[in-house]
Structures are given as C-alpha cells and as structure tokens.
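For reference, the chains in residue letters:
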Amino acid sequence: MLKIIGATLIATGLAAGSALAAPVSQNFGLLTSYDEGPSLSATFTGLPANITGDLTIDFAIGGDFNNPSIETFDLLVNGTNFGTACSGAAAFGLPGACTNSAPMLGQLVIGNAVATTLLSGGSLTVTFVGTDEVDPVNYQNLSEVTYFGVVFPERIFSDGVTMDLAGMVSYDAVAAVPLPAALPLAVAGFGLLGFAARRRG
C-alpha cells in the first residue's frame, strides 16, 4: 500500500512540475474604417508558440453587408485567408444573408495544429477585408450596443463609416509550474518508498 501511495505522489509531483494549461484571452478595441473596400487589422505580440486546444477568434462587425453578390468580407490570420462571409453561404457563424443595420457576431475556431503553426513567430494579426462595394452610403447602426466591452456607437448614413470591428482572441497556453512547488510531493513519495523497503527488509 505504501508503495502505491509513494509512486502516486512521485507521479503527481513530477507532473505538477511540468506544465498546466492556462486560459488566455485578449480583446481588441473598436476599429473603424472610413474607406470604401475597408481593411481593419488587430495585431497581438508576445504570444506563446505552444498552446493546447484550439485558437478562437470571436468578433463583432458592422458594415454595408446586405448584398451577398458584391458586399462581403474575408477573414485572414497572419495572411492566411480562412474564408468569405456574407456571400450567400453561412460562414463564421454568420448567415449567408447579412445586414447593414447592426453589428453581427461571428466566430472562427482554428484547430491546434494550424494554430501552432500560425503562432510560431509569437505574433498574430487578424485582418478583415471588405470588398470595394462596402461603402458608407448604406451602413447604419440603429442603436448603441456593447460587445467585448466595447461600445458600438449609433451610425447614420452620413457618418462616412464603412466598417466597425471589435473582438477577442482566446486560447489555452501551456504554463510551466515552478518545480519547487511540486518538489515536496515527489520527495514525500520517495520517502514512502524507502520506508516500505526498510519494513520489507
């Protein structure tokens, strides 16, 4: 019995001294474009190259996206295009038919293998690019609303705004646990094993 307890303590101590997954999330504040064919980017630096699980990008976007044949946007991460939204087919949790009168909530989930490759340089740039037909003439936000701690103000056609954007990047980072915090468990385990051996002898 002592051998089992000792071995368990050793395994627990060594495992605790290696790594744990720590959830991390970073918001990007309200970004606004006044350009036709808008492009908005948020860049995060100092990110870990080693994560567990998926990389998730949640966002709220408002703009002139009510014509699926010509008014769409692409979502790129570190230059890699992950698809087109508002083009008539559902994408990023958005319906194929989008709106030009309120911010819309979307999400991109990137699997661990691809996410690890994207994070290899320690930075992440998320870019939203609208087509040239996305213009300020037909974009309005009928009521003030808050997403990700960011206020999307009311917009009227004469504001000149083509696109508003806010969002959040989240992932589980691998965080090492300091060895001294785990060492007593392992030491106690070795002590029990030694005591069991002496009793047997």
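About the criteria used
Residues numbered from 1 in each chain as written. Predicted model: local features only at pLDDT ≥ 70, side-chain atom pairs only at ≥ 80, totals over all residues. Heavy atoms only, no water. Salt bridge = Lys/Arg side-chain N within 4 Å of Asp/Glu carboxyl O. Buried < 20%, exposed > 50% of the residue type's maximum accessible area, 1.4 Å probe, protein only. Core = buried A, V, L, I, M, F, W, Y, C linked by side-chain atoms within 4.5 Å. Helix = DSSP H or I, 4+ residues; strand = E, 2+ residues; numbered from the N terminus. Contact = heavy atoms within 4.5 Å. Pairing = 2+ DSSP bridges.

(A) The arrangement of the pattern of salt bridges in detail. What the rule picks out here adds up to one salt bridge. For Arg155, the salt bridge identified is with Asp164, shortest N-O distance 2.8 Å. By relative accessible area, Arg155 is classed as buried at 12%. In this structure Asp164 comes out as buried when scored by relative accessible area, which is 0%.

(B) Spotlight on the nonpolar core. In this structure, Phe59, Ile61, Phe65, Phe73 and Phe128 are the most contacted members of the largest nonpolar core, which totals 35 residues. When contributions to this core are tallied by element, the ones reaching two or more residues are β2 (39-44), β3 (51-63), β4 (73-77), β6 (104-110), α2 (112-118), β7 (124-130) and β10 (163-175). Among residues more than four places away in sequence, those in contact with Phe128 are Phe28, Pro38, Ser39, Leu40, Phe59, Ile61, Phe73, Asp74, Leu75, Met163 and Leu165.

(C) How the structure looks around the pairing of β4. In terms of residue burial, β4 counts as a mostly covered element, since four of its five residues are buried. Pairing of β4 with β7, which is carried by five bridges, proceeds in the antiparallel orientation. Bridging across to β7, Leu75 finds its partner in Phe128.

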